[in-house]
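Residues per chain, in single letters:
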Amino acid sequence: LVRVGEGGGGGGGGATTTSSESVPPSAAEGDGSGDGADDAVEAQLRVYESWFPPMRSVLRVLSKIFRVVEPRVFEDIALQSVQSCTRSLKGGAEHVLRKSGTMHADLFLVKHLLILREQLSPFDIQLRSVERQLDFSEAGKAVTRFLANRNRRLFAMSSENALVTLLREGVSVRDSSVDSKRDLDDALRGACNDFIENTSNALAGLLLLLVEQCKSASQSTDAGLKSQPFMRGDKVLFVAERTAENLPNELRNATDNMALYLENPATQSILLKPVVRKITRALDEGRRFAGEAVDGEFEWDPSLRATVLAKFREIETTMKGAMLALGRSAKSSGH
C-alpha cells in the first residue's frame with residue numbers, strides 16, 4: 001500500500017507528500033511483528049481505502065507494471081492514465097459539489113490531486129509526448145479541385161500525379177504536444193485557487209463585496225464614493241458587524257473541513273494563508289475608505305467610525321488567530 005502525509009509547498013497550495021513502496025495486504029498480514037506493526041498496517045489500509053477508487057486503481061496498476069514493461073511503454077500508459085484520472089477526479093468533485101457543497105468539492109479535488117502528483121514522483125517520468133494526427137480539414141477543397149481539373153494525370157509517375165496531389169493538398173499531419181504533468185499541475189493550481197476564492201467569500205463575502213464596490217465606484221463614478229448607497233455609515237457598520245459575528249463559526253467550519261481532507265496541519269496552513277491575506281487586504285482597503293468618509297454626511301460620525309474600525313480589528317484578530325493555531329499544531333505534530 002501507499003503511505004501519504006501531505007506537507008508544505010509553495011505557490012497556489014502546493015504540498016509535499018511521502019510515499020512508501022506498495023505492499024499487498026496479504027504480505028503485510030500475519031508477519032509476527034506485533035500489535036504495533038499490525039496497527040500501522042491497518043492505518044495504511046484506511047488511508048489507502050479513503051482514496052477516490054479510480055485514482056486508487058490507477059496508482060495500483062502503475063505500481064505493479066512499473067518494473068515489468070519497457071520504460072517508454074510505461075510512460076505512455078502512465079500519460080494516458082493520468083489524463084483519464086484527472087478528468088475522473090474533476091467529475092468526482094462535481095458529484096461532491098452536488099451532494100455536500102462547494103468547500104467539500106474544492107477540498108476533495110485538492111487532496112486527491114496532491115496525492116496523485118506526489119505518488120507519481122517516484123516513477124521519475126516526464127509524462128510528455130507529441131501526438132500526430134491526420135488533418136482532413138482541407139480534404140473537401142482538395143476533392144473539389146481534383147474533380148474540376150479535367151486535365152488531371154492519374155497515371156503520371158511523378159509528383160504531378162493527380163492522386164498524389166489530392167493526398168498532398170487534402171491530408172496533412174498535425175502535431176500536438178501532450179503534457180500530463182503540466183495539466184495535472186494546472187488542475188491542482190486551479191483547485192487551490194477555487195478553494196481560496198470560495199472560502200474567502202464564505203468567511204467574509206459581504207466585506208469583500210463592499211470593498212469591490214468601493215474600488216469600482218472610486219474609479220468610475222463622477223459623483224464620488226461618499227455618496228454611494230453602500231458607503232452609508234449604517235450600511236458599512238452592518239457589513240462589519242455581520243462579518244465579525246459570522247466569522248468564528250464559518251472559520252471553524254472551514255478548518256474542520258480542511259482537517260477532514262488534509263491530515264497535515266502544515267498543508268492546511270499553506271492553503272489558508274492566501275485566504276487570510278485576501279481578507280486582510282480587504283480590511284486595509286475598508287479602513288482607507290472608512291477614513292475618507294466625512295463626519296456629518298451619510299450617517300457617518302466619529303463614534304460610528306470607531307465602531308467600524310473596531311469590528312475590522314476583531315475580524316483581523318480572528319483570522320490571524322486561526323493561522324497561529326494551525327502553526328502551533330504543525331509544530332507539535334513535527335511537520
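Structure: above.
Here's what I pulled together on the structure shown here. The structure displayed is predicted, hence computed values, not measured ones.

Regarding the overall build of the protein
Okay, step 1: On a plain count of helices and strands, the protein comes out with eleven helices and two strands.
Okay, step 2: Starting at the N terminus and walking to the C terminus, you meet the elements of the protein as α-α-α-α-α-β-α-α-β-α-α-α-α.
Okay, step 3: Relative to its full complement of 335 residues, the protein shows a buried share of 40%.
Okay, step 4: Taking the contacts inside the protein whose residues are at least 6 apart along the sequence as the reference set, 73% of them involve residues at least 24 apart.
Okay, step 5: Carbon together with sulfur atoms contributes 52% to the accessible area of the protein, which is approximately 18700 Å² in total.

Quick notes on the nonpolar core
Okay, step 1: Leu89, Leu207 and Ile279 are the most contacted members of the largest nonpolar core, which totals 76 residues.
Okay, step 2: Among the elements that make up this core, the one with the highest residue count is helix α8 (residues 180-220) (15 residues).

A short note on the packing of aromatic side chains
Okay, step 1: Overall, the coordinates contain five aromatic pairs when judged by the stated rule.
Okay, step 2: A centroid spacing of 5.4 Å and a plane angle of 90 degrees characterise the contact between Phe52 and Phe108, whose relative ring orientation is edge-to-face. On the criterion of sequence distance, the pair formed by Phe52 in the loop between α2 (35-49) and α3 (53-65) and Phe108 in helix α5 (residues 102-120) is long-range, its members being 56 residues apart. In terms of burial, Phe52 and Phe108 fall into one category: buried.
Okay, step 3: Taken together, the ring pairs in this structure connect Phe66, Phe74 and Phe123 into an aromatic cluster.
Okay, step 4: Above the face of the Tyr48 ring, Arg56 is positioned so that its terminal group lies 5.9 Å from the ring centre.
Okay, step 5: The side chain of Arg288 reaches across the aromatic face of Phe289, ending 4.4 Å from its centre.

Quick notes on empty space enclosed by the protein
Okay, step 1: Summed over the entire model, instances satisfying the criterion amount to two cavities of 30 Å³ or more.
Okay, step 2: Space inside the largest cavity adds up to approximately 50 Å³.
Okay, step 3: Considering the residues around the largest cavity, the lining is formed by Leu207, Leu210, Val211, Cys214, Met231, Val236, Gly286, Phe289, Ala290, Trp300 and Phe312.
Okay, step 4: Of all elements in the fold, only α8 and α10 (265-292) reach the threshold of two or more residues within the lining of the largest cavity.
Okay, step 5: At four residues, the largest contribution of residues to the lining of the largest cavity is made by α8.
Okay, step 6: Tallied by class, the residues present in the lining of the largest cavity amount to ten nonpolar, one polar and no charged.

Details of the layout of surface pockets
Okay, step 1: Approximately 200 Å³ is the volume attributed to the second largest pocket.
Okay, step 2: As for the second largest pocket, its lining consists of Glu197, Asn201, Leu208, Leu209, Val211, Glu212, Lys215, Lys278, Arg281, Ala282 and Glu285.
Okay, step 3: Counting residues per element, the ones that place at least two in the lining of the second largest pocket are α8 and α10.
Okay, step 4: Counting residues per element, the lining of the second largest pocket draws most heavily on α8, at seven residues.

Topic: the pattern of salt bridges
Okay, step 1: Enumeration over the complete set of coordinates arrives at 16 salt bridges.
Okay, step 2: Here Glu49 makes a salt bridge to Arg56, at a shortest N to O gap of 3.7 Å.
Okay, step 3: The shortest N-O distance in the salt bridge between Asp284 and Arg287 comes to 2.9 Å. Highlighted residues: Asp284 and Arg287, both in helix α10, separated by three residues, approximately one helical turn.
Okay, step 4: On the basis of relative accessible area, Asp284 is assigned to the partly exposed category, the value being 42%.
Okay, step 5: In the salt-bridge network here, residues are joined through shared partners; they are Asp284, Arg287, Glu316 and Lys320.

A word on the packing of helix α4 (residues 71-100) against α8
Okay, step 1: Between α4 and α8, the least distance of the axes is 9 Å, while the angle of their chain directions is 20 degrees. Judged on the interaxial angle alone, α8 and α4 are roughly parallel. Handedness of the crossing formed by α4 with α8: left-handed. Contacts from Leu79, Val82, Gln83, Thr86 and Lys90 in α4 reach Ser180, Leu184 and Ala187 in α8.
Okay, step 2: Here the residues of the contact of α4 with α8 are counted per class, giving four nonpolar, three polar and one charged.

A look at the packing of α10 against helix α11 (residues 302-332)
Okay, step 1: Put simply, α10 and α11 touch, their axes get as near as 10 Å, and they point 165 degrees apart. Considering the angle they form, α10 stands roughly antiparallel to α11. Our pair here, α10 against α11, has a crossing hand that is left-handed.

Thoughts on α5
Okay, step 1: When the terminal C-alpha atoms of α5 are compared, their 27 Å separation across 19 residues agrees well with the 27 Å that a helix rising 1.5 Å per residue should span.
Okay, step 2: The buried fraction of α5 amounts to 17 of the 19 residues, a majority that puts the element mostly inside the structure.

Topic: α11
Okay, step 1: The terminal C-alpha atoms of α11 lie 45 Å apart, and with 31 residues this matches the ideal 45 Å at 1.5 Å per residue to within 8%.
Okay, step 2: Those residues of α11 that sit buried are Leu304, Arg305, Val308, Phe312, Ile315, Glu316, Met319, Ala322, Met323, Leu326 and Ala330.
Okay, step 3: The inward-facing, buried residues of α11 contact α8, α9 (233-261) and α10.
Okay, step 4: The residue sitting at the N-terminus of α11 and contributing the capping side-chain oxygen is Asp301; that oxygen lies 3.0 Å from the backbone nitrogen of Ser303.

What counts as what
Residues numbered from 1 in each chain as written. Predicted model: local features only at pLDDT ≥ 70, side-chain atom pairs only at ≥ 80, totals over all residues. Heavy atoms only, no water. Helix = DSSP H or I, 4+ residues; strand = E, 2+ residues; numbered from the N terminus. Buried < 20%, exposed > 50% of the residue type's maximum accessible area, 1.4 Å probe, protein only. Contact = heavy atoms within 4.5 Å. Areas by Shrake-Rupley, 256 points an atom, 1.4 Å probe, with all protein chains shown as cover. Core = buried A, V, L, I, M, F, W, Y, C linked by side-chain atoms within 4.5 Å. Phe/Tyr/Trp six-rings, centres within 6.5 Å; stacked < 30°, edge-to-face > 60°. Lys NZ or Arg CZ within 6 Å of the ring centre and 35° of its normal. 1 Å grid on protein atoms, 1.4 Å probe; cavity = no way out; pocket = protein on both sides within 12 Å on 5 of 7 lines; lining within 4 Å. Points joined across faces, edges and corners; volume = space filled by probe spheres on them. Nonpolar A, V, L, I, M, F, W, Y, C, P; charged D, E, K, R; others polar. Salt bridge = Lys/Arg side-chain N within 4 Å of Asp/Glu carboxyl O. Axes fitted to C-alpha atoms, helices over the stretch in contact; angles between N-to-C directions. Parallel < 35°, antiparallel > 145°, perpendicular 65-115°, else oblique. Left-handed = near helix turned anticlockwise from the far one by under 90°. Expected span 1.5 Å × (residues − 1). Polar contact = N/O pair within 3.5 Å; in protein donor to acceptor, adjacent residues only side chain to side chain.

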